[in-house]
Amino acid sequence: MSPAARAAPRQRVIAAPPPTLCLDFVNTRYWRGRSAPTETLVDVASLAGWLQGAVDAQAAAGLKVLARSDAGAARRLFDTALEWRESLHGLLRAIVDASPLRATEVEAFGRMLHATPARHDPVLQPEPAGWRVTMHRLDVAELLAPVLWSAADLALGSARARLRCCANEACGWLFLDDSKAGTRRWCSMSACGNRAKARRHGLRQRERARADPAAAAARPPRQPRSEAPDGDAAAVPFRAPRRSGRSRSGP
Ligand SMILES: [Zn+2]
């Protein structure tokens, strides 16, 4: 066991996570509908960077300390974190699709949650408020505890009804529908909505051209503004849509 993992039990106050934190985590891999999805968590350092921005500085610092003292343990922790991410993604995607959850998925989720520190000691004052937890070791359950809590709160709460997957099948971005009508279809209009509009526009033009070739030849081609030239998402750098990740500093 590494020196960091042997550290004596210590207490931390972790802010209550928003339900979108788990979505930020699973969306660290995107273009999931493509043969080669984009992976942003490629090593221990990138996971530490994500934790720093989306969870808190203490979690990131803990992982960096482990990486310095025991690179192999940090790498194993990283590999497990990605396994847990994919497990969470499968669960959340099944909720979006209203698919029956497999017993193995439910059990895996339960095991992950069970491994996180217990949330039974709320700290209301002084600020920042949060859950006081006792950490016994540096492991993936400690690092990802807020992500797991967020997923549980989302899966069991009212926000579950607003969980969506981007209508662009190649994208696969998960988000909470914040529209009044509850009809948001895209991760963002700029990332995917406009591409779909461009594709529909091109399709209509081609149908018109087939129906009336002479008229189509006389009309100059027109592209909707701000859209990919051929609807090919790969041609346009992905811009992360509205993100809810936020920097929070621990006590
Ligand atoms: Zn999208």
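What you are looking at is a predicted structure, and each value in this text was computed from that prediction instead of being measured.

Criteria and cut-off values
Residues numbered from 1 in each chain as written. Predicted model: local features only at pLDDT ≥ 70, side-chain atom pairs only at ≥ 80, totals over all residues. Helix = DSSP H or I, 4+ residues; strand = E, 2+ residues; numbered from the N terminus. Buried ≥ 20, exposed ≤ 12 C-beta atoms within 10 Å, placed from the backbone. Contact = placed C-beta atoms within 7 Å. Core = buried A, V, L, I, M, F, W, Y, C linked by C-beta atoms within 7 Å. Expected span 1.5 Å × (residues − 1). Pairing = 2+ DSSP bridges. Axes fitted to C-alpha atoms, helices over the stretch in contact; angles between N-to-C directions. Parallel < 35°, antiparallel > 145°, perpendicular 65-115°, else oblique. Left-handed = near helix turned anticlockwise from the far one by under 90°. Arc of directions from axis to C-beta. pLDDT = per-residue confidence, 0-100.

### Points about the overall build of the protein
Part 1 of the reasoning: A tally of regular secondary structure across the protein gives nine helices and seven strands.
Part 2 of the reasoning: Taking all 251 residues of the protein together, the buried fraction comes to 29%.
Part 3 of the reasoning: Restricting the contact set of the protein to residue pairs at least 6 apart, pairs at least 24 apart contribute 69%.

### Quick look at the nonpolar core
Part 1 of the reasoning: In this structure, Cys22, Leu51, Leu63 and Leu144 are the most contacted members of the largest nonpolar core, which totals 53 residues.
Part 2 of the reasoning: Looking at which element gives the most residues to this core, the answer is helix 4 (residues 71–96), with eight residues.
Part 3 of the reasoning: Cysteine 22 has contacts with Leu88, Leu92, Val147, Ser150, Ala151 and Leu154, leaving out every residue within four places of it along the chain.

### Some thoughts on helix 7 (residues 145–156)
Counting along an α-helix, one turn takes 3.6 residues, and residues three or four places apart therefore face a common direction.
Part 1 of the reasoning: Between the first and last C-alpha of helix 7 there are 16 Å, a value that for twelve residues agrees with the 16 Å anticipated at 1.5 Å per step.
Part 2 of the reasoning: Those residues of helix 7 that sit buried are Ala145, Pro146, Val147, Leu148, Trp149, Ser150, Ala151 and Leu154.
Part 3 of the reasoning: Where the residues of helix 7 are buried, they touch strand 1 (10–14), helix 1 (21–26), helix 4, helix 5 (103–115), helix 6 (140–143) and strand 6 (163–165).

### Things to note about the environment of aspartate 79
Part 1 of the reasoning: Mapped onto the elements of the fold, aspartate 79 is located in helix 4.
Part 2 of the reasoning: Residues aspartate 79 and valine 140, 61 residues apart in the sequence, show an inter-C-alpha distance of 9.5 Å.

### Re the sheet that holds strand 5 (residues 130–135)
Part 1 of the reasoning: The strand order across the open sheet formed by three strands is 1-5-4, and the pairing between neighbours is antiparallel. Each having just a single partner strand, strand 1 and strand 4 (122–123) make up the two edges of the open sheet.
Part 2 of the reasoning: Two elements, strand 4 and strand 5, share two bridges in a ladder whose sense is antiparallel. Paired with valine 123 across the two strands is glycine 130, which belongs to strand 5.

### Examining the packing of helix 3 (residues 57–69) against helix 4
Part 1 of the reasoning: Relative to each other, helix 3 and helix 4 sit at 135°, their axes nearing to 5 Å. With respect to each other, helix 3 and helix 4 are oriented oblique. Contact residues: Leu63, Leu66 and Ala67 in helix 3; Ala71, Ala73, Ala74 and Leu77 in helix 4.

### Some words on the pairing of strand 5
Part 1 of the reasoning: Pairing geometry for strand 1 and strand 5, over five bridges, is antiparallel. Across the sheet, residue arginine 12 finds its bridge partner in strand 5, namely valine 133.
Part 2 of the reasoning: Joining the antiparallel neighbours strand 4 and strand 5 is a turn of six residues.

### Things to note about unusual backbone geometry
Part 1 of the reasoning: In this chain, glutamine 125 is followed by proline 126 through a cis amide linkage whose omega measures -10°.
Part 2 of the reasoning: Proline 128 follows glutamate 127 through a cis peptide bond whose omega is 0°.
Part 3 of the reasoning: A positive phi angle is found at alanine 98, which is not glycine, with a value near 55°.
Part 4 of the reasoning: With respect to the helices and strands, the residue alanine 98 is situated in the loop between helix 4 and helix 5.
Part 5 of the reasoning: You can call alanine 98 exposed: it has 6 C-beta atoms within 10 Å.

### Some points on the packing of helix 4 against helix 5
Part 1 of the reasoning: Where helix 4 meets helix 5, the closest approach of the two axes is 10 Å, and the angle between their N-to-C directions is 125°. The orientation of helix 4 with respect to helix 5, classified from their angle, is oblique. Here the hand of the crossing between helix 4 and helix 5 comes out left-handed. Contacts between helix 4 and helix 5 involve Trp84, Ser87, Gly90, Leu91 and Ala94 from the former and Glu105, Ala108, Phe109 and Met112 from the latter.

### Focus: helix 3
Part 1 of the reasoning: Between its terminal C-alpha atoms helix 3 stretches 18 Å, which fits the 18 Å expected from 13 residues at 1.5 Å a residue.
Part 2 of the reasoning: By the burial criterion, the buried members of helix 3 are Ala59, Ala60, Gly62, Leu63, Leu66 and Ala67. Down the axis of helix 3, the sector holding all buried residues measures 160°, keeping them to one side.
Part 3 of the reasoning: For helix 3, the elements touching its buried residues are helix 2 (44–54), helix 4 and helix 6.

### Focus on the environment of leucine 41
Part 1 of the reasoning: Structurally, leucine 41 is set in the loop between strand 3 (38–39) and helix 2.
Part 2 of the reasoning: The exposure class assigned to leucine 41 is partly exposed, which follows from the 18 C-beta atoms found within 10 Å.
Part 3 of the reasoning: Ignoring sequence-local partners within four residues, the contact set of leucine 41 consists of Thr28, Ser46, Leu47, Trp50 and Leu82.

### Here we look at the confidence of the model for the protein
Part 1 of the reasoning: Residue-level pLDDT values for the protein average 82, and 77% of them are 70 or greater.
Part 2 of the reasoning: Considering each helix and strand of the protein separately, the mean pLDDT is smallest for helix 9 (residues 213–218), with a value of 62, and largest for helix 1, with 98.
Part 3 of the reasoning: A low-confidence stretch, residues 1–5 (pLDDT under 50), is modelled with 14 contacts involving residues beyond four sequence positions or located in other chains.
Part 4 of the reasoning: Taken together, the stretch residues 220–251 has pLDDT below 50 and engages in 50 contacts with residues farther than four places along the chain or on a different chain.

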